[in-house]
Amino acid sequence: MEYVLGLKCAICGAEYGIDEVDYVCPKHGDGGRGASGRRATSEGILDVVYDYDRIGAGFTPGRLSGQPANIWRYMPLLPVDPDVARRLSEGTVLGSVGWTPLYPAPRLAAQLGLTHLWVKDDSRQPTASFKDRASAVAVVKARERGAEVVTTASTGNAAAALSGLCAAVGQRNVIFVPRTAPEAKVAQLLAYGSTVLLVDGTYDQAFELCLEAAQAFGWYNRNTAYNPAMSEGKKTAAYEVCEQLPIGARHAAPLTAPDVIFVPVGDGCIIGGIHKGLRDLLALGWIDAMPRIVGVQAAGSSPLVDAWERGLQGWEMEPVEAHSVADSIVAGLPRDRIKALRAVRETGGAFIRVGDEEILAAIPALAQGCGVFAEPAAAAAYAGLIEAVARGLVSADDRVVVLATGSGLKDVASAMKAVEKQPAVVEPTLEAVRQALG
Ligand SMILES: *Cc1c(COP(=O)(O)O)cnc(C)c1O
Ligand SMILES: [Zn+2]
């Protein structure tokens, strides 16, 4: 936190001291439309601003090799008290968040006519999704403030992440999820011992309710696009990618940025976080070019694709009905829409929609092509790459990274739908095996 200069509104640019506001820009309201009925839901999301000169003076790329293999390796670039973060993460699950593998995927690349493709495997996080990056920061912030209870609303993974990481350090928490959340995610919450409220409504309604409850009861609020520290946790994936990519001949900077990065998008917090991470590295001079960021949405839940195509600003968007097999990216009014649109517009990227059939087909394609078993939302990023290649948005020599954001074990029912072949049932004899192999 010693390098944080303050917080800056993503809409009006107003700047605040780190202790001056808790969550969003007061000029843009933090109301939610719950009891008050105002239409200002979580607008006024803030960016955390750093003193890059001071960070760069002491924290050089050469220092990275001596840092722990987790998100805390980037401590000067995180908005946390380093002592609290170290104390909570040493020897706990909180210390296993981040530094997930970046796998080269040459067979998938060849199928697509590409030469450089990598898959960043965040199914390997402690609670099996990318959301651990943000929830880890939330747990540290809550402890810094001495919060009795931490809360979040979630389509499932942010909840599981908060729940698991709270359990690791003995932090009470209350979780709001839509009743339709997949069973595996709810099972995680219950096993970790969270107070779970299954909201009889949509994710958007669960989110509003959670905001209201946090305000009413004084809980620490982890909600996406409301708590500015969440993008900061998520940005660590961009740092890792640039550290893990092999040094390229045409890159003169100490770390290597890819040319294009594919991100599955629901609320838009991951994509906004990736953009923030890359902007940090560019400001520090650790990379020398900004990659194009491509956001992938499910066709049945694609308000950001619409807004991008129509040239709308985030605050002009209206909620839509949203449905998809990819439950983690179903959001009728994406909470982090302002940062999400900014990420794509400022990097010359694109928003792409993919149908549920393509999403399901991408699960076995990714699993068989590189050994990463992804849940539908995560497979959507790969489906988006296939679509982008077909549309000529990616060229053969682009260095491409696909974020695999969650494990296939989170939603086994969808995975079973995605594989056509039912396994053969055999008598326990070698003859039956011979016959089955045909
Ligand atoms: C949350 C989530 C996403 C989308 O992240 P947003 O910040 O909501 O855009 C993608 N994939 C998985 C597995 C997720 O859990
Ligand atoms: Zn503002």
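Above: the structure in question.
This structure is a prediction, so every number in the text was calculated from the model and none was measured.

Further remarks concern the packing of aromatic side chains. For the structure shown, the criterion picks out seven aromatic pairs. Centre to centre, the rings of Y203 and F207 are 6.1 Å apart; their planes meet at 85 degrees, and the pair counts as edge-to-face. Of this pair, Y203 and F207 both sit in helix α7 (residues 203-217), separated by four residues, roughly a single helical turn. Through pairs of rings, three or more aromatic residues link up here, namely Y23, Y220 and Y226. For the cation-ring pair, R73 lies above W99, with the distance from its terminal atom to the ring centre recorded as 4.0 Å. Across from the ring centre of F130, 5.2 Å away, lies the NZ or CZ of R133, which sits over that ring.

The next thing to look at is the nonpolar core. Ranked by size, the top nonpolar core spans 52 residues in total, and within it V263, I271, I274, I293 and F351 carry the most contacts. Those elements that provide at least two residues to this core are β1 (4-9), β3 (46-50), α9 (236-244), β10 (260-264), α10 (269-284), α11 (303-310), α12 (337-346) and β13 (399-404). At six residues, α10 tops the list of elements feeding residues into this core. Those residues in contact with V263 that sit more than four places away from it in its chain are I270, I271, I274, I293, V294, G295, V296, A381 and L403. Grouped together as the second largest cluster of nonpolar side chains are 50 residues, V24, V84, L165 and V199 included.

Before going further, it helps to spend a moment on the pattern of salt bridges. Inspection of every chain in the model, using the stated rule, returns 23 salt bridges. Salt-bridge contacts for R133 lead to D122; the nearest nitrogen and oxygen are separated by 2.8 Å. With a gap of 11 residues between them, R133 in helix α4 (residues 132-144) and D122 in the loop between β5 (116-121) and α4 connect regions that are remote in the sequence. Exposure class is identical for R133 and D122. Each is buried.

What follows concerns the sheet that holds β13. Strands sit in the order β4-β5-β13-β10-β11-β12 across an open sheet of six strands; the sheet is mixed. Each having just a single partner strand, β4 (102-104) and β12 (350-354) make up the two edges of the open sheet. If you compare each strand with its neighbour and ignore which way they point, the axes differ by 25 degrees on average. Of the strand pairs in this sheet, β10 and β13 are connected by three bridges, and their pairing is parallel. Its bridge partner being in β13, I261 is matched across the sheet by V401.

Our next topic: the coordination of the zinc ion (ligand 2). Looking at the zinc ion (ligand 2), one finds its protein donor set to be C9 (SG), C12 (SG), C25 (SG) and H28 (ND1), positioned 2.2 to 2.4 Å from the metal centre. One way to put it: the four donor atoms around the zinc ion (ligand 2) meet at angles of 103 to 120 degrees, and that makes the site tetrahedral. For C12, a relative accessible area of 37% puts it in the partly exposed group. H28 gets classed as partly exposed once you look at its relative accessible area, which sits at 22%.

Inspection of the region around ligand 1 gives 16 residues, with K131, N157, G266, G268 and T405 positioned closest. I270 places a polar main-chain atom, nitrogen or oxygen, 2.9 Å from an oxygen atom of ligand 1. Here ligand 1, which alone exposes 380 Å², has 98% of that area covered by the protein. For the shell around ligand 1, the residue count by class is six nonpolar, six polar and four charged.

Our focus in this paragraph is the pairing of β1. When β1 meets β3, the two strands line up antiparallel, connected through five bridges. Considered in β3, the bridge of G6 is made with V49. Bridging between β1 and strand β2 (residues 15-16) involves two bridges; their strand directions are antiparallel. Paired with K8 across the strands is E15, a residue of β2.

Turning next to the pairing of strand β8 (residues 195-199). As paired elements, strand β7 (residues 172-178) and β8 share five bridges and run parallel to each other. Residue pairing across strands places V174 opposite T195, the latter belonging to β8. Read as a crossover between parallel neighbours, the route from β7 over helix α6 (residues 183-191) to β8 is right-handed.

Attention shifts here to the side chain of T236. By the secondary structure assignment, T236 is in helix α9. Judged by relative accessible area, T236 falls into the buried class, the value being 0%. Ignoring any residue separated from it by four or fewer positions in sequence, one finds T236 in contact with I71, Y74, L78 and R133.

This part covers helix α14 (residues 376-390). Taking 1.5 Å of rise per residue, 15 residues should cover 21 Å, and α14 covers 21 Å from first to last C-alpha, within 8% of that figure. Within α14, 11 of the 15 residues are buried, which leaves the element mostly enclosed by the surrounding structure. Taken residue by residue, α14 has P376, A377, A378, A379, A380, A381, Y382, A383, G384, L385 and A388 as its buried positions. Once α14 ends, the next one or two residues include G392, with phi positive near 75 degrees.

With 15 residues, α7 extends 21 Å from end C-alpha to end C-alpha; this agrees with the ideal 21 Å at 1.5 Å per step. Those residues of α7 that sit buried are Y203, D204, A206, F207, E208, C210, L211, A213 and A214. Buried residues along α7 sit in contact with β6 (149-153), β7, β8 and β9 (220-221). Looking one or two residues beyond α7, the residue adopting positive phi is G218, at roughly 70 degrees.

Cut-offs applied
Here the residue numbering is sequential within each chain, running from 1 through the sequence in written order. All chains are assigned letters beginning with A, and all ligands numbers beginning with 1, in the order in which they are written. pLDDT decides what is reported in this predicted model: residues at 70 or higher carry local features, side-chain atom pairs at 80 or more are listed and counted, and totals for whole chains, interfaces and linings draw on all residues regardless. Side-chain descriptors were evaluated using all non-hydrogen atoms of the structure, hydrogens and water having been removed beforehand. Within 6.5 Å between ring centres, the rings of Phe, Tyr and Trp (the latter by its six-membered ring) count as paired, and their orientation is classed by plane angle as stacked under 30 degrees, edge-to-face over 60, tilted in between. Helical segments are the DSSP runs of H or I of at least four residues, strand segments are the runs of E of at least two, and each set is numbered from the N terminus. Whether a charge lies above a ring is judged from NZ of Lys or CZ of Arg, which has to be within 6 Å of the ring centre and within 35 degrees of the ring normal. Each nonpolar core is a collection of buried residues, namely Ala, Val, Leu, Ile, Met, Phe, Trp, Tyr and Cys, held together in the definition by side-chain atoms within 4.5 Å. Throughout this description, buried means an accessible area under 20% of the type-specific maximum (1.4 Å probe, protein chains only), exposed means over 50%, and partly exposed covers the range between. Two residues form a contact once any of their heavy atoms are found within 4.5 Å. Take a side-chain nitrogen of Lys or Arg and a carboxyl oxygen of Asp or Glu: if they are within 4 Å of each other, that pair is a salt bridge. Pairing between two strands is assigned when DSSP locates at least 2 bridges connecting them. Between N-to-C directions, angles span 0 to 180 degrees; the directions come from axes that are lines fitted to C-alpha atoms, helices contributing only their stretch in contact. Here a donor is an N, O or S atom found within 2.8 Å of the metal, or within 3.2 Å if the metal is Na, K or Ca; sites may look incomplete because water is not among the atoms. Only two sets of limits are used to name each site, 85 to 135 degrees for every angle of a tetrahedral four-donor site, and over 155 degrees for opposite donors with all other angles from 65 to 115 for a square planar four-donor or octahedral six-donor site, with any other site named irregular. Nearness here has a simple test: a residue counts as near a molecule or strand if at least one of its heavy atoms is within 4 Å of that partner. Distance and chemistry together define a polar contact, namely a pair of N or O atoms within 3.5 Å, with one atom able to donate a hydrogen and the other to accept it when in protein, and with adjacent residues in sequence counting only for side-chain atoms on both sides. For accessible areas, the Shrake-Rupley method is used with a probe of radius 1.4 Å. Any residue's cover is judged against the shown protein chains and nothing else. Lys, Arg, Asp and Glu make up the charged group, whereas Ala, Val, Leu, Ile, Met, Phe, Trp, Tyr, Cys and Pro make up the nonpolar group; the residues left over, Gly among them, are polar. Clockwise travel from the first strand over the helix to the second, with the strands pointing away from the viewer, marks a crossover as right-handed. Here the expected length of a helix is defined as 1.5 Å per residue gap, with one fewer gap than residues.

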